[in-house]
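# Observations on the three-dimensional arrangement
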Amino acid sequence: MGRLVVVSNRIAPPDDKKASAGGLAVGVLGALKATGGLWFGWSGEIGNEDQPLQKVTRGNITWASFNLSEKDHEEYYSQFSNAVLWPAFHYRLDLVKFQREAWEGYSRVNALLADKLLPLIKEDDILWIHDYHLLPFASELRKRGVNNRIGFFLHIPFPTPEIFNALPPHEELLEQLCDYDLLGFQTDSDRVSFLDSLSSKTRVATREGKSHTAWGKTFRTEVYPIGIEPEEIEKQASGPLPPKLAQLKNELKNVKNIFSVERLDYSKGLPERFLAFEALLEKYPEHHGKIRYTQIAPTSRGEVQAYQDIRHQLETEAGRINGRYGQLGWTPLYYLNQHFDRKILMQVFRYADVGLVTPLRDGMNLVAKEYVAAQDPADPGVLVLSQFAGAANELTSALLVNPYDRDDVANALDRALKMSLTERISRHSEMMKVIRENDIDRWQARFIADLKQISPRTVESNLQKKVATFPKLA
Ligand code: GDG
């Protein structure tokens, strides 16, 4: 079996100082170490695109990255990926800023990346492509004669046809996705939404449940809920606290802590969460002076207007709530628009009595899983989790809430703050069982094993597909 070639928008090059990176990077590295291979993606730098690839090799893995020009970065990344696909896939058509130039830029960059990767691909390599920035990538490779097995994993939700089909190039995107051999989703409802969108545009023949043919192209669909590294998180969370954190923990020993961290993103439901916390203070005055909610939200995609708007909104709301309910010596809500060290976050998770994770829509949400894994099993905190996070399918022992209903979230917070130790332990151990079973290694191993099972395409099969194309629906 050949190497694994991973393609993601951004790559995480080897950097010893950031050895404790989480999520996707851990999963991808685990898969790459097993077979050896290549990780290809944008360097994160704006610059001259024509420069040769920047390559770093450590052991059996090579990282190859490139710069993007200002125009390509703007159209492919800021506009089409983050101001069209991201809001639409998170059910926010109101925030979609579609422009034809952005779609052209997105298509142009996918083609450019295919040109750059092509000379590096060997005949028996298998390719694993990640996320919404690269929906047309397999299609570009197929046009260049690549018959290797190519899998795709979507980290974010796939919307229902009513939403997806509102995207002007929806039909092109669907047809391009069918050029992958394996399409992986976080949940079964994402998988079904994709198939529903496809069926609304063309005839889809399905065999054995998950093998499909549409537009003469054959591919599989499957569900791979992404996980975390629970042992590593437990180790980080239970390590000795740095002096500043130890002092803070001591100062807060008589206060119940509600805690959360996420990228500052409108999909995470932060303004709604602030209002739910306000409802808790309004409905349950017995908590006044005895609780503290800390929300960490580092800026992300700050160049996109919708992200600037939500930042202003949160600053206003935090000030308003503290102005209304704060007392001399008690500030109920701490909002920190800053990035924190990963190990510190895991340690703060451990002493938080409640993890509050209420996205309006989320592919999976790793913070929810990290919060649970960081707890002390003998005295765990309680997870309050949105029913609209992919993680809610697995973490059914969390207190599941509707993030649009501030009273529902406030009641769950009150319940979490008052929950008995016995109930906390039982809920925590049920969630840990799922988190351990479906960890990040299992996620990547299942995906790669399924991709390897698929027979490689041949030149003939690609030709036959052109002849056997099903007619499109009128
Ligand atoms: C996408 C999908 C899916 C956050 N703030 C800081 C920080 N983080 C870390 C968290 C967690 C990660 O970032 C965020 O992962 P999520 O899964 O919660 O959310 P997205 O970034 O939106 O990720 C999502 C995921 O892809 C994987 O498939 O679950 O649905 O949207 O690990 O801890 N880390 C550090 N400082 C921070 O301030 N160090």
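Let me begin by describing the structure that accompanies this report. Source: prediction; values computed, not measured. (Residues numbered from 1 in each chain as written. Predicted model: local features only at pLDDT ≥ 70, side-chain atom pairs only at ≥ 80, totals over all residues. Heavy atoms only, no water.)

Attention now goes to the overall build of the protein chain. Helix and strand counts for the protein chain come out as 17 helices and 16 strands. Over its C-alpha atoms the protein chain spans a radius of gyration of 23 Å, differing by no more than 12% from the 23 Å that the globule rule assigns to 474 residues. With the principal axes as the frame, the protein chain shows a C-alpha extent of 75 × 50 × 45 Å. Taking all 474 residues of the protein chain together, 57% fall into the buried category. Sequence separation of at least 24 residues holds for 77% of the intrachain contacts in the protein chain that already meet a minimum separation of 6. Summed over its atoms, the accessible surface of the protein chain is roughly 19900 Å², and 51% of this surface lies on carbon and sulfur atoms. A distance of 2 Å separates the average location of the 59 positive side-chain charges in the protein chain from that of its 62 negative side-chain charges. (Helix = DSSP H or I, 4+ residues; strand = E, 2+ residues; numbered from the N terminus. Rg over C-alpha atoms; globule rule 2.2 N^0.38 Å. Buried < 20%, exposed > 50% of the residue type's maximum accessible area, 1.4 Å probe, protein only. Contact = heavy atoms within 4.5 Å. Areas by Shrake-Rupley, 256 points an atom, 1.4 Å probe, with all protein chains shown as cover. Lys, Arg positive; Asp, Glu negative; His and termini not counted. Charge placed at Lys NZ, Arg CZ, Asp CG, Glu CD.)

Another aspect to go through is the pattern of salt bridges. Applying the stated criterion to the full structure yields 33 salt bridges. A salt bridge links Lys-235 to Glu-232; the nearest nitrogen and oxygen atoms lie 3.6 Å apart. Taken together, the residues span about one helical turn, with Lys-235 and Glu-232 both in helix α8 (residues 230-238) at a distance of 3 residues. Residue Glu-232 is classed as partly exposed on the basis of its relative accessible area of 28%. With a shortest N-O distance of 3.4 Å, Lys-283 and Asp-407 are connected by a salt bridge. On the criterion of sequence distance, the pair formed by Lys-283 in helix α10 (residues 270-283) and Asp-407 in helix α14 (residues 406-418) is long-range, its members being 124 residues apart. (Salt bridge = Lys/Arg side-chain N within 4 Å of Asp/Glu carboxyl O.)

Right, let's talk about the site of the ligand for a bit. The local shell around the ligand holds 20 residues, among which His-155, Phe-340, Asp-362, Leu-366 and Glu-370 are the closest. At 2.6 Å, a side-chain N or O of His-155 approaches an oxygen atom of the ligand. With respect to the ligand, the backbone of Gly-363 contributes an N or O atom lying 3.0 Å from an oxygen atom. Burial of the ligand by the surrounding chains reaches 86%, relative to a free accessible area of 740 Å². When residues of the shell around the ligand are assigned to their parent elements, the largest contribution, 3 residues, is made by helix α13 (residues 366-373). Of the residues in the shell around the ligand, the class split is 9 nonpolar, 5 polar and 6 charged. (Near = heavy atom within 4 Å. Polar contact = N/O pair within 3.5 Å; in protein donor to acceptor, adjacent residues only side chain to side chain. Nonpolar A, V, L, I, M, F, W, Y, C, P; charged D, E, K, R; others polar.)

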